Amino acid sequence: MLNLLQSQLSFYGAIDEAVLFAKEGGGDNPDAVLGIVGTLLPGTTGFGQAGWYRELLDFANRPGVRNPGLRGTVTFPSVEQSIEYLQASDHEERMRLATAALRSEPAALPERVADSGYTPYHDPVLARSAYAAMVLARIDDLGGLPPRLAAIPDLPAQIMAPGVLFWAGTPDNFNPGDPTSDPTVRKLLKEAKRVKSRNQWHSFAAKKVDQQFADQSLPCFGTLEDFGGQYCSTLYTNTTDDVLTVENIEKILDPRNWKLYAKFFCDVTAQSPPDTACGWARILETIGPECAEWRMKTALVFYYGSDGNGGIFLNYDLDPDRQNDSGMVEVDNGYIWVTPLNGSDPSQNGVRIRTSKQERVQGLSPTATAALGCLLGWGTAANDLLSGTASMVLQNPAIVTEPFVITVLTGNEKLSGVGQPVGGPAQLPPDFGHAMGDVRNLLNNQIDRSRNLAAKTADRWLDGMTRDDVKKITKDFGKLLEKFAVDAYKTAESNVKPQMTPTNND
Amino acid sequence: MDDPMAIATRYATITRKMVNDATQVAIDAFNKINGAPGSYTGDDAIKSMTQLANIAITGGSALARVPLQIQPDNGPMLVADEVASVVQRALTDAAEVAGDAAEKVDAGTFKSQWVDSAVMLTSMAVLRAAEVAEAIAAGPGVLADPVMEFGPFTISGANLADEVVLKMEKLARPGVDENIAGLVSFTPAGGVLKAGAKKAFSLTINSAGIASGMFQGEVSVSINNVAQPNLPVIVNL
């Protein structure tokens, strides 16, 4: 597959590759690389976190996600292919590249079709690509790019230049033969080598490009929250626009319009019957960067509300009746809240959009779930609402949109099932066959270690315990538990995540 | 703290029992299948699966509780909470697999499918064990602070000299049969705005375990013991 969303993901995949390389001790300053990536992309470098890109590829090939009509397996584009697609000058070029990559007729994504309303202007995917370029520049400066990536000439610049210039609506300033010819791009790349925090990048990007670019460039990252006894990836976003109004956003906020301006949504349609007994609207979303290859269908319910102070909101949750659903999502709830930036007049210029989402996908780690949300779609809803494409949809009377109609409740509603996490028989990655034996061996080792420690403990106890003895024993138990847990986790991880395969260049 | 020797013994006993029990289940099944082909029935399969699930689940749970008895601070408590939820899910999953198998046996359609069910159950147990390990070890991610604050909200119609008493009557997503008012605490404490104090308050909500969404609520207001119209509030959790 080859499209803008997937291309952007591959740039973050390149960062993940550099992290795995550093974790193996590769590069000049592996600890520094892990440190800076952990700061710029929190939650992506630890145990169970690094390697998320390959985990996502495995996920795309899982039954229920991979399109059963697809011949062969789902593959993600190489960094080189992604750069070429990102730098394509128009929809015809993108269609040609996608066709060549797919070896068949690609889907009619707006970015590949003339007069679809798509414009690269203020496309958040381009801003996020620029952020990836900044992180790659930082890694490169630390000598941390794996050989395969280091061999790509001017890798950070090749991504940064089209990301910044296309986003800003100045594609003519982009010179593919000399990606650093634009002074803004040069300054951003120079600053990238000094970036130590997300805030530092944000301030500099706001100064050199503009505030919206800086806002949109920062990928969100998931935190963990407990919901109904399950830990979910929770994504929060908060963004503003000085020009648009609440009334503008209201025209395109209905989920059935999302596919018009948000790349991640292949289709969002009303289910039948249209409402639950509680009055919430039943809607089926089909998401994926290239739905002809891999996608998830999730049955959701929506409540359209007013906050009574000039703002509107959408609440959503899983539909208790998972009609037409892929069955992959265990938790999916949250809100999109649109308010006037100042005061309470929805017709006044200036709008703030806050979103929150709790998500848990069966068999997908929180890090990969967060990547799915923050880099591909769900967490970018606010930015997509403010994109140039969304503006084109608003301005084009030929594009019919579904209106935002406040849900009317009669007072007799009961929504049993909403708010309850959904479970089911676990479906597993393919390499689990040896895991049980591995766990048994770990436990046997654990018994041996426990026995030794127990003997030591007994000796101390029989001699009479002091405060220091208690401290020492507690510390030893802590170390023991940590070692067991790390070993157990590494083993489990090795059974579910692909190992880093050295290439000829490594 | 308990006798450290007792803790160590408990630790070793649990792990040894898990290994021994699980191995015995596999050996029994293996012997029966190879010793007398055809004698291993669907009922036997269900029994094996159930035993295997119970071993993994109860053993994993017991193992994870050991640190609680050593260092009962907030960190291990969070881990125990997560482990408990994983175990609960594992039980639910196991029950579904076993129930499905039982239905097929009753319908005479189970036949060789017990292998699939056994693989699924075994794998499921390991998957959940991995989740437990993940919770105990480095942690799967950054834990969000579930405590959220909202406000200040002001009380109109009250003077500085009045005493105002507040109570959260209901807080729920519109149309959802839920009420999380009990999770709300007021500042000032108890929802009492004493005479001479500002007539404003804020709300603190521990959102752990609660779905994300826009929640609408009503605060009952009493000024000098005279009930006033409820004050509507909306919060984003």
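The preceding data block contains the structure.
Undergrad: Explain the overall build of chain A residue by residue, including any values.
TA: If you tally the helices and strands in chain A, you get 17 helices and 8 strands. Looking at chain A alone, contacts between residues at least 24 apart form 69% of all its contacts between residues at least 6 apart.

Undergrad: Describe the overall build of chain B, naming the residues involved and giving the relevant values.
TA: Counting its regular elements, chain B contains 4 helices and 8 strands. Buried positions account for 38% of the 237 residues belonging to chain B. Contacts in chain B between residues at least 24 apart in sequence constitute 69% of all its contacts with a sequence separation of at least 6.

Undergrad: Tell me about the sheet that holds strand S8 (residues 226–236) of chain B, and please be specific about residues and values.
TA: All names here are of chain B. Sheet architecture is open: 4 strands sit in the order S5-S3-S7-S8, paired in antiparallel fashion. Strands with a single pairing partner mark the edges of an open sheet, and in this sheet they are strand S5 (192–193) and S8. In the sheet, strand S3 (residues 164–172) pairs with strand S7 (residues 214–223) via 8 bridges, with the strands oriented antiparallel. If you follow Val 165 over to S7, its bridge partner there is Ser 222.

Undergrad: Report on the sheet that holds strand S4 (residues 184–187) of chain B, specifying residues and quantitative values.
TA: Residue and element names in this part refer to chain B. Strands sit in the order S2-S6-S4 across an open sheet of 3 strands; the sheet is antiparallel. The open sheet has two edge strands, strand S2 (147–154) and S4, and neither has a second partner. In this sheet, adjacent strand axes meet at a mean angle of 25° when their direction is disregarded. Across 6 bridges, S2 lies against strand S6 (residues 200–206) in antiparallel orientation. Bridge pairing in S6 links Val 147 to Asn 206.

Undergrad: Just give me the short version of the environment of A:Tyr316, but keep the residues and values in it.
TA: All names here are of chain A. Assignment of secondary structure puts Tyr 316 in strand S6 (residues 312–318). Tyr 316 sits in the buried class, given 26 other C-beta atoms within 10 Å. For Tyr 316 and Val 301, which are 15 residues apart along the polypeptide, the C-alpha to C-alpha distance reads 5.5 Å. Residues within four places of Tyr 316 in sequence aside, it is in contact with Leu 300, Val 301, Phe 302, Asn 333 and Gly 334.

Undergrad: An account of helix H13 (residues 366–376) of chain A is needed here, citing residue identities and associated values.
TA: The buried count for H13(A) comes to 11 of 11 residues, which makes it a mostly enclosed element. Within H13(A) the residues assigned to the buried category are A:Pro366, A:Thr367, A:Ala368, A:Thr369, A:Ala370, A:Ala371, A:Leu372, A:Gly373, A:Cys374, A:Leu375 and A:Leu376.

Undergrad: Any chance you could break down the environment of A:Gly305 for me, citing the residues and the numbers?
TA: Mapping A:Gly305 onto the fold places it in strand S5 (residues 294–306). Here the alpha-carbon distance between A:Gly305 and A:Asn315, two residues 10 residues apart in the chain, equals 7.7 Å. Here A:Gly305 is in contact with A:Ile312, A:Phe313, A:Asn315, A:Ile406, A:Thr407, B:Pro174 and B:Met214, once residues within four sequence places are set aside.

About the thresholds
Residues numbered from 1 in each chain as written. Chains lettered and ligands numbered in written order. Predicted model: local features only at pLDDT ≥ 70, side-chain atom pairs only at ≥ 80, totals over all residues. Helix = DSSP H or I, 4+ residues; strand = E, 2+ residues; numbered from the N terminus. Contact = placed C-beta atoms within 7 Å. Buried ≥ 20, exposed ≤ 12 C-beta atoms within 10 Å, placed from the backbone. Pairing = 2+ DSSP bridges. Axes fitted to C-alpha atoms, helices over the stretch in contact; angles between N-to-C directions.

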